[in-house]
Amino acid sequence: MLGLFKRAQPVLDAAELGRSMVALPLRTGCTPPGACPVLIVDASGHTRHAAPAKRVELRDGEQGWAWHPGPYTVDLAPFAQAPEVALRTSFAIEPELDGARQRFDLLLAAEASGPLALATLAQALEAALQRELGAGALELPPCTTIEEWNLFRQGFNQLCYMRFGLSVDDCVPVDLGASRDYAASLAARAAMAVEQPWLPPSTRTEPVLGAAPAAATTNDGDDGSAPCAVGDARAVRRLFLELPGLMCGLRLAALPAGQDQFRRQQALLQRLDLLSVSASTMPALDLAAPGQPLALAEQRRRAHHARRACASLDEAWALLARFRALDAQAGPVGAKRSANLYDEAGRIVANLEFDCAARRAAAASGTDVESDPGAAP
């Protein structure tokens, strides 16, 4: 008889999972579809997995996610100046591959803050691809030969895997000249400049996965500190959760070719370890000292450096993809490129050290030559 009085379980509206949506947040009592793995993240970033197609029970401070492994197909514009040229890319998240699953779990835990739409993930993929092509890490010249295309595909596949945990199944060039709206592309680029005005175009981070619209986070009469605090909290969370993952990736992907590279790798790991400790003890944005409020201009400066540190995180994941792609190259050419990548790793870690130290500081230092991005002219 007791069964007659049980409350109905909340039903997860998952009709778009696997089509226009990649991941959806869960509420306690929801029953996700059987084809969707379930990830649960606690307040400190630790993750656990729940059985699919079963009622989800969340503890205090936990956030649940149901995500569909795909496959998905998106059109990516490799060059911002030529939106009519696209790469039609098919990818999936393979739950049976522990490395891919762990990386996608980290993506949701560190970056997602709401439903993860396929369009948002495609935008982040496109931004990462354009940044690598712009930096010369990937090459896609006109009239690409078969060898050049295979080399590009190898690097692109590794980028998708290391940065997002995605396995690329197919990637072919397509002409979208008849369907691309140039005015909309320019408007989107202008909107990105408004959303991240404190960063130059070359260092703006990739789109925030599952972020709510900016207007939803701003109240009437707000002094402007609320959006600043939200962006800073997301950036510090990324640093806290992703720096240990970067250390593991550096150990596995950047295999030393000799004693000199081994010493350089150990030095980089030690510096990343110290950065991880710094991120885990990062002071509150609005406090200069316990009980002492921090001026709004200094809060904006701190948030500025936190976002710059996240741009360096994006570069670091892309660099690990280049290390993995280098495994197939041997001989003097491979050794020289490996040495160059270690130089690049040193530059990225130095930028992380600078921005994390500036985020901790209560006031701008003499070396912080950039003016406050939020200050009035």
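All values derive from a computational prediction rather than experimental measurement.

> Report on helix H2 (residues 118–135), specifying residues and quantitative values.
Since the α-helix advances by 3.6 residues per turn, residues separated by three or four positions end up pointing in the same direction. In this model H2 runs 26 Å from its N-terminal to its C-terminal C-alpha over 18 residues, within 8% of the 26 Å that 1.5 Å per residue would give. Listing the buried residues of H2 in full gives Leu118, Thr120, Leu121, Ala122, Ala124, Leu125, Ala128, Leu129, Arg131, Glu132 and Leu133. Buried-residue contacts for H2 involve strand S1 (21–26), strand S5 (72–76), strand S6 (85–92), strand S7 (116–117), helix H3 (146–164) and helix H7 (296–325). At the exit of H2 stands Gly136, carrying a positive phi of roughly 85°.

> Break down the packing of H3 against H7 for me, citing the residues and quoting the values.
Any two packed helices are characterised by the angle at which their axes cross and by the distance between the axes. Following both chains from N to C, one finds H3 and H7 inclined at 130°, their axes separated by 8 Å at the closest point. Put simply, H3 runs oblique to H7. Helix-helix and strand crossings are classified by hand; for H3 and H7 the assignment is right-handed. Counting all contacts with H3, which are made through Gln154, Gly155, Gln158, Leu159, Tyr161, Met162 and Arg163, the residues of H7 involved are Asp314, Trp317, Ala318, Leu320, Ala321, Arg324 and Ala325.

> Give a description of the confidence of the model for the protein that names residues and reports values.
On average, residues of the protein carry a pLDDT of 80, and 79% of them reach 70 or more. Counting contacts from residues 1–11, a segment whose pLDDT is below 50, to residues more than four positions away or on other chains yields nine contacts. Overall, residues 212–221 carries pLDDT values under 50, and its contacts beyond four positions in sequence, including any with other chains, amount to four contacts.

> Outline the nonpolar core, supporting the account with residue identities and numerical values.
With 71 residues, the main nonpolar core has Leu108, Phe152 and Leu243 as its most contacted residues. With nine residues, the top contributor of residues to this core is H7. Once residues lying within four places of it in the same chain are set aside, the contact partners of Leu243 are Arg238, Leu272, Leu275, Ser276, Ala279, Leu313 and Leu352. Counting residues in hydrophobic clusters, the runner-up holds 11 residues, among them Cys36, Val56, Leu58 and Ala117.

> How would you explain the pairing of S1 if you had to name every residue and give the values?
In terms of burial, S1 is largely enclosed, as five of its six residues are buried. Direction of pairing for S1 relative to S7: antiparallel, over a ladder of two bridges. Following the sheet pairing, Ala23 is matched in S7 by Leu116. Across four bridges, the pairing between S1 and strand S4 (residues 63–67) is antiparallel. Bridge pairing links Ala23 to Trp67 in S4.

> Let's hear about the sheet that holds strand S2 (residues 38–41): which residues, and what values?
Strand order in the open sheet made by the five strands is S3-S2-S4-S1-S7, with antiparallel pairing throughout. The open sheet is flanked by strand S3 (47–50) and S7, the only strands paired with a single partner. Taken together, the four bridges between S2 and S3 define a ladder with antiparallel strand orientation. Bridge pairing links Ile40 to Arg48 in S3.

> With reference to specific residues and values, describe the packing of H2 against H3.
Two elements in contact, H2 and H3, have axes whose closest approach is 11 Å; the angle formed by their N-to-C orientations is 130°. Relative to H3, H2 is oriented oblique. The two elements H2 and H3 cross, and the hand of that crossing is right-handed. Packed against H2, whose contacting residues are Leu121, Ala124, Leu125, Ala128, Leu129, Glu132 and Leu133, the element H3 presents Phe152, Phe156, Leu159, Cys160 and Phe164 at the interface.

Conventions and cut-offs
- Residues numbered from 1 in each chain as written.
- Predicted model: local features only at pLDDT ≥ 70, side-chain atom pairs only at ≥ 80, totals over all residues.
- Heavy atoms only, no water.
- Helix = DSSP H or I, 4+ residues; strand = E, 2+ residues; numbered from the N terminus.
- Expected span 1.5 Å × (residues − 1).
- Buried < 20%, exposed > 50% of the residue type's maximum accessible area, 1.4 Å probe, protein only.
- Contact = heavy atoms within 4.5 Å.
- Axes fitted to C-alpha atoms, helices over the stretch in contact; angles between N-to-C directions.
- Parallel < 35°, antiparallel > 145°, perpendicular 65-115°, else oblique.
- Left-handed = near helix turned anticlockwise from the far one by under 90°.
- pLDDT = per-residue confidence, 0-100.
- Core = buried A, V, L, I, M, F, W, Y, C linked by side-chain atoms within 4.5 Å.
- Pairing = 2+ DSSP bridges.

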